[in-house]
Amino acid sequence: PPEGGFDFFCLMLHGYEWTRIGCGGLVTGLFCLGIGLPPIINHGSDEIKKEIGMPVIKGEKICALAISEPWGGSDVAQIRTFA
């Protein structure tokens, strides 16, 4: 690793290079936790962190972010919630 460790730019560059040579599945497998796990760690209850977060970090479970709002597409800012 570079002196001082990897930062977000290094992570993006690394993912881009793997994808560029046709290893998109590998990139998805290695880096999918970067989108699914942070909401659990940052906003989940202690119970959810223990039940889901720790097993994901240990590699016992996988985690992903699924978006299914018909008008939002992949733009999560456009999701509308009705109670």
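None of the values given here were measured: they were computed from a predicted structure.

A.B. asks: What is the right way to read a nonpolar patch on the surface from this model?
C.D. replies: Together, Phe8, Phe9, Leu11, Met12, Leu13 and Tyr16 make up a nonpolar patch on the protein surface, roughly 660 Å² of accessible area in all. Following the sequence through the fold, phenylalanine 9 ends up in helix H1 (residues 8-20). Phenylalanine 9 gets classed as exposed once you look at its relative accessible area, which sits at 53%.

A.B. asks: Is there a simple way to think about the confidence of the model for the chain in this case?
C.D. replies: Detailed reading of the predicted coordinates is not advisable wherever pLDDT falls low. When the pLDDT values of the chain are averaged, the result is 76; 70% of them are 70 or greater. Across the chain, helix H5 (residues 46-58) holds the top mean pLDDT of 89, while helix H2 (residues 24-31) sits lowest at 67.

Calculation notes
Residues numbered from 1 in each chain as written. Predicted model: local features only at pLDDT ≥ 70, side-chain atom pairs only at ≥ 80, totals over all residues. Heavy atoms only, no water. Patch = residues over 30% accessible without salt bridge, like charges linked within 9 Å, V, L, I, M, F, W, Y side chains within 5 Å. Areas by Shrake-Rupley, 256 points an atom, 1.4 Å probe, with all protein chains shown as cover. Salt bridge = Lys/Arg side-chain N within 4 Å of Asp/Glu carboxyl O. Helix = DSSP H or I, 4+ residues; strand = E, 2+ residues; numbered from the N terminus. Buried < 20%, exposed > 50% of the residue type's maximum accessible area, 1.4 Å probe, protein only. pLDDT = per-residue confidence, 0-100.

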